Amino acid sequence: SVLLYQKPNRDICQSGTSLKIQCVADSQVVSMFWYQQFQEQSLMLMATANEGSEATYESGFTKDKFPISRPNLTFSTLTVNNARPGDSSIYFCSSRGTGGYEQYFGPGTRLTVL
Amino acid sequence: GDSVTQTEGQVTVSESKSLIINCTYSATSIGYPNLFWYVRYPGEGLQLLLKVITAGQKGSSRGFEATYNKEATSFHLQKASVQESDSAVYYCALSDQGGSAKLIFGEGTKLTVSS
């Protein structure tokens, strides 16, 4: 399995500002994933990030709004640009364990945009 | 497209009673999906509960079990006797066996076990 840590656990920010969410894995992983979860809804995959290459975004998510960096095999950062109240949700990072089909998730970052 | 449906948003069960949480899936672009149940206990992160990658097989963990039924496209979660500590939100999910590992989640079922 893989242990993932996220920072911050929660954040409150004003509309129009940007904020960064960090994800750290306790071992090297090929791919990291970012998910968004609105209250009482399912998790939606935002993007897939591999080391040294541009993240691949799912429909409805863009690089300009949610830039993702993946500088090495244990770290990724999700930025929320020009935050709006509609971005208020929980953001999770995840990665796949070596040789397995399952994904392991970080504890999530609860974002509230005022 | 591919999707996962959990029909019950909330379920309340008395302690020691049996539980079934329904999950059906549609995998139009995925031939043989991997199927998962994840659980989120209050105040904690999302954890893998069990997985099954072969149709017809059953997965089990912590007294829960789920069978991959390809004909019915279902993956219902069952437990014979629930405990108060099982109160959590349960998510059914699928991924493509040969593809990107993208997970598609159901909307979750909040289980409350009453004493």
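The structure under discussion appears in the preceding block.
**Quick word on a nonpolar patch on the surface**
Then step 1. A cluster of nonpolar side chains, contributed by Leu 3, Tyr 5 and Val 24 of chain A, occupies part of the molecular surface with about 280 Å² of accessible area.
Then step 2. When its relative accessible area of 33% is taken as the criterion, Val 24 of chain A is described as partly exposed.

**As for the nonpolar core**
Burial of nonpolar side chains together is a common tendency in soluble globular proteins.
Then step 1. Membership of the largest hydrophobic core comes to 28 residues, with the highest contact counts inside it found for Leu 19, Trp 37, Leu 49, Leu 50, Phe 75, Leu 77 and Tyr 90 of chain B.
Then step 2. Broken down by secondary-structure element, the contributors of at least two residues to this core are strand 2 (10–14), strand 3 (19–21), strand 5 (33–40), strand 6 (46–52), strand 8 (64–67), strand 10 (88–96) and strand 12 (109–114) of chain B.
Then step 3. For this core, the element with the highest residue contribution is strand 10 of chain B, accounting for four residues.
Then step 4. Ignoring any residue separated from it by four or fewer positions in sequence, one finds Leu 77 of chain B in contact with Leu 19, Ile 20, Ile 21, Trp 37, Leu 49, Leu 50, Phe 64, Glu 65, Ala 66 and Tyr 90 of chain B.
Then step 5. Counting residues in each nonpolar core, the second largest holds 26 residues, with Cys 23, Ala 25, Phe 66 and Ala 83 of chain A among its members.

**As for the packing of aromatic side chains**
Then step 1. For the structure shown, the criterion picks out 12 aromatic pairs over all chains.
Then step 2. Judged by centre distance (6.2 Å) and plane angle (90°), the rings of Tyr 25 of chain B and Tyr 68 of chain B are edge-to-face. Here Tyr 25 of chain B is found in strand 4 (residues 24–26), whereas its partner Tyr 68 of chain B is found in the loop between strand 8 and strand 9 (77–79), with 43 residues between them in sequence.
Then step 3. Overall, the relative accessible area of 8% leaves Tyr 25 of chain B in the buried class.
Then step 4. The exposure class of Tyr 68 of chain B is buried, given its relative accessible area of 2%.
Then step 5. Among the aromatic residues, those joined into a ring-pair cluster are Tyr 35, Phe 92 and Phe 105 of chain A together with Phe 36, Tyr 38, Tyr 91 and Phe 105 of chain B.
Then step 6. Over the ring of Phe 66 of chain A we find Lys 65 of chain A; its NZ or CZ atom is 5.9 Å from the centre of that ring.

**Digging into the state of the cysteines**
Then step 1. Applying the stated criterion across every chain, the model contains two disulfides over all chains.
Then step 2. Bridging Cys 23 of chain A to Cys 93 of chain A, the disulfide has an S-S length of 2.0 Å. Around the S-S axis, the bridge from Cys 23 of chain A to Cys 93 of chain A shows a dihedral of about 75° and counts as right-handed. Pair noted here: Cys 23 of chain A is in strand 3 (residues 19–25) and Cys 93 of chain A is in strand 9 (residues 89–96), with a separation of 70 residues, a long-range link.
Then step 3. Residue Cys 23 of chain A is classed as buried on the basis of its relative accessible area of 0%.
Then step 4. Here Cys 23 of chain B pairs with Cys 92 of chain B through a disulfide, and the sulfurs are 1.9 Å apart. Residues Cys 23 of chain B and Cys 92 of chain B share a disulfide whose torsion about the S-S bond is about -65°; that sign makes it left-handed. Taken together, the positions of Cys 23 of chain B in the loop between strand 3 and strand 4 and Cys 92 of chain B in strand 10 put the pair 69 residues apart, joining distant regions of the chain.
Then step 5. The class of Cys 23 of chain B is buried, set by a relative accessible area of 1%.

Conventions we followed
- Residues numbered from 1 in each chain as written.
- Chains lettered and ligands numbered in written order.
- Predicted model: local features only at pLDDT ≥ 70, side-chain atom pairs only at ≥ 80, totals over all residues.
- Heavy atoms only, no water.
- Patch = residues over 30% accessible without salt bridge, like charges linked within 9 Å, V, L, I, M, F, W, Y side chains within 5 Å.
- Areas by Shrake-Rupley, 256 points an atom, 1.4 Å probe, with all protein chains shown as cover.
- Salt bridge = Lys/Arg side-chain N within 4 Å of Asp/Glu carboxyl O.
- Buried < 20%, exposed > 50% of the residue type's maximum accessible area, 1.4 Å probe, protein only.
- Core = buried A, V, L, I, M, F, W, Y, C linked by side-chain atoms within 4.5 Å.
- Helix = DSSP H or I, 4+ residues; strand = E, 2+ residues; numbered from the N terminus.
- Contact = heavy atoms within 4.5 Å.
- Phe/Tyr/Trp six-rings, centres within 6.5 Å; stacked < 30°, edge-to-face > 60°.
- Lys NZ or Arg CZ within 6 Å of the ring centre and 35° of its normal.
- Disulfide = S-S within 2.5 Å.

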